[in-house]
Amino acid sequence: MIRSNILILTLFLLACCKLYAQNSGLLNLKYEDNYTPSYYEVIDMYKTLDAHYENAALVEMGNTDSGKPLHLFIINNELEFNPAVIKVQGKTVLLINNGIHAGEPAGIDACLQYADDILRNKDGTASILKSTVVIIIPAYSVGGLLNRSAYHRANQTTPYETGFRGNAANLDLNRDFTKCDSENTKSFTRIFHEWDPDVFLDTHTTNGSDHQYSITLIAPQPDLFPPLQEQYLRDKMLPGLYEGMKKGIYELIPYVDWFYDDPRKGIQMTQEGPRYASGYARLFHCYGMITETLIYKPYADRVKSTRQFIQTLAEYVSANSEEIRETRKKGIEETLALKNYPFAYRLDSTRFEIIEFKGYEYFNNQLSKVTGLPRPGYNTSELFTDSIRYYNEYMPTEYVTVPEYYILPQAWNRVVERLLLNGIDFYRLKNDTVLEVEMDYIKEFSSPERPYNGHYYHENVVTRSERQKVSFYSGDLLIPVRQEKMAYLIEMLEPKAADSFFRWNFFDAVLDNREYFSSYGFEENALKYLEEHPEFKKKFQQKRRAEKEFAGDHLAQLSWIYNNSEWAEESHRRYPVGRIFHKLNEEIFLKE
Ligand SMILES: [Zn+2]
């Protein structure tokens, strides 16, 4: 009797505990005490939520450079976690990525808090799940998070310990979305295409400026989207998000990107290329954005402002679910109809809107307590509110005529691997074939002296195009350009596009000669060539007569013969991806 009473009492207490837990949340987050959880603590907390709630699941989605798996946490309002099924049901997908820079963990804590809140339907937050599925990457740079110290972030005082900006392979993952060097990015790419998110948020923290706001937004740049999506972003989504944030404690402003040295003279809308999270999302017509909380604010404010933005974003996505999916669909159709695709932009410095900016007075002459010398900074007790210019329009500066196909020799297998990862459709040539194609030659480029994120990123790329008959082999890739992922295809395969495979060194082997002539060995062939080509010989002799310096330089003369004859290497500096502008007979290729 006594025993059964104890059992009843225990069950009652357990039920109370569960109820209590649901009212107050299951997780013991300590951001108010300037503590952010370690990688293992983060995963354990999501495991707790997974175990407690049937409508949430923590899954492993491939590897990271650390050898540890990349996790994805899925929150739905039913027991369904298969993206294919969820997509067919017509739900909108919101993807949130955290800890890409492990020293900027506000999003990690904010997402844990949000997941804990939404799963117990705190303040009715779970209502967004009727139309929306929220998927969270809890900790993206696993290696960065495992490398924890109080000394990774020199400009940051809290949390007291954080992870490191580089991942296990010392890569900055927010430069890796297109070159895709890391296992983290490869796993992310699989998640991205499996789930095809409609809206994507990547959470960060910045030390780039100081002002009165805790949180800023790097929005999807409207001008880089096709017209319908541009209009949707400008007229509805972005105003909706800024308005939505006004309901909470933390106000949102655009990321403070100085246009001049003084913010009072205006700030510009940040444009992020495809190497970054938001730019990569744009290639797939996904509305991708980045929050940047301010390093100088208390850690709890960074977490809570990110948490507030996540809720605002989720509510906006849920309320506008159909329109978001519809505009994406129409955006893809608009891109497919383009004859000329714009791939480079510059800020329009004549167009701006006026926004209110709450700043701190800037100084550059206060004495440093460290060095005793004048230092710059912001006086946080001298507040000002000013109307400033916000330059937020970009103009296209370069276009490419959209070809019918790109043709890519299979030899460039690292590129093929990335096209496959990104779900690009292509055919293969049945037989060895000579095709007339447009090829580009790289006339000019420059590269940095020191590597940048493991590459010698090319700048100032100048090309010239030439129609040529080129031999391709059986199995080479024939890629129809007008497919759903056309924007990705063009921006990765056009060598001049900002984050193309060419820019990131995937085709560097074409940039130097493979054959050569020697000042001694070439003698006999050069002489024979001149004798057999009288017109060529005439030109050569004219040049010798006209240019004294040339006539006195043995090597220069051999070089002229070599480079102006059939000896010149056709493949030298020839970018190996060809463009074809007409439909080909289906008999020459195999459908994959
Ligand atoms: Zn960052």
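Source: prediction; values computed, not measured.

### A look at the environment of methionine 486
Item 1. Relative to the elements of secondary structure, methionine 486 occurs in helix α12 (residues 486-493).
Item 2. In this structure methionine 486 comes out as buried when scored by C-beta crowding, with 20 C-beta atoms within 10 Å.
Item 3. Sequence separation between methionine 486 and threonine 335 is 151 residues; the distance between their C-alpha atoms is 7.6 Å.

### So, unusual backbone geometry
Item 1. The residue after threonine 158, namely proline 159, is reached through a cis peptide bond having omega -10 degrees.
Item 2. Take proline 159: it is sitting in the loop between α5 (142-146) and α6 (183-195).
Item 3. We note that cysteine 180 has phi near 55 degrees; this positive angle belongs to a residue other than glycine.
Item 4. The class of cysteine 180 is buried, set by 20 C-beta atoms lying within 10 Å.
Item 5. A positive phi is found at asparagine 460, a non-glycine position, where the angle reads about 50 degrees.

### Focus: helix α4 (residues 106-119)
The periodicity of an α-helix, 3.6 residues per turn, causes residues three or four places apart in sequence to face the same way.
Item 1. Compared with an ideal rise of 1.5 Å per residue, which puts 14 residues at 20 Å, α4 spans 20 Å between its outermost C-alpha atoms and is within 8% of the ideal.
Item 2. The element α4 is extensively covered by neighbouring structure, given that 13 of its 14 residues are classed as buried.

### Considerations on the sheet that holds strand β19 (residues 477-480)
Item 1. Strand order in the open sheet formed by seven strands is β18-β17-β20-β15-β19-β16-β21, and the pairing between neighbours is antiparallel. The strands lining the two open edges of the sheet, one partner per strand, are β18 (459-472) and β21 (589-591). With direction set aside, neighbouring strand axes in the sheet form an average angle of 30 degrees.
Item 2. Pairing analysis gives three bridges linking strand β15 (residues 405-408) to strand β20 (residues 574-580), with the strands arranged antiparallel. Looking at β20, one finds that isoleucine 407 is bridged to glycine 578.

### Structural notes on the pairing of strand β2 (residues 69-75)
Item 1. Counting buried positions along β2 gives six out of seven residues, so the element sits mostly inside the fold.
Item 2. One ladder, built from six bridges, connects strand β1 (residues 56-63) with β2; its direction is antiparallel. Bridging from a neighbouring strand, glutamate 60 pairs with histidine 71 of β2.
Item 3. Note: β2 against strand β4 (residues 132-137), three bridges, orientation antiparallel. Among the inter-strand pairings, phenylalanine 73 is bridged to a residue of β4, identified as isoleucine 136.

The rules behind each value
In every chain, residue numbers begin from 1 and rise along the written sequence. Local features are withheld for residues below a pLDDT of 70 in this predicted model, meaning they are given only at 70 or higher, and side-chain atom pairs are given and counted only at 80 or more; totals for whole chains, interfaces and linings count all residues. Helix and strand definitions follow DSSP, with helices as H or I runs of at least four residues and strands as E runs of at least two, each counted in order from the N terminus. Three exposure classes are used, all based on how many other C-beta atoms lie within 10 Å of a residue's own C-beta (placed from the backbone): buried at 20 or more, exposed at 12 or fewer, and partly exposed between those limits. Multiplying one less than the number of residues by 1.5 Å gives the expected span of a helix. Strands were regarded as paired on the criterion that DSSP finds at least two bridges between them. A fitted line through C-alpha atoms represents every axis, and for helices the fit uses only the stretch in contact; the resulting angles, taken between N-to-C directions, go from 0 to 180 degrees.

Coordinates in, geometry out; function isn't part of it.
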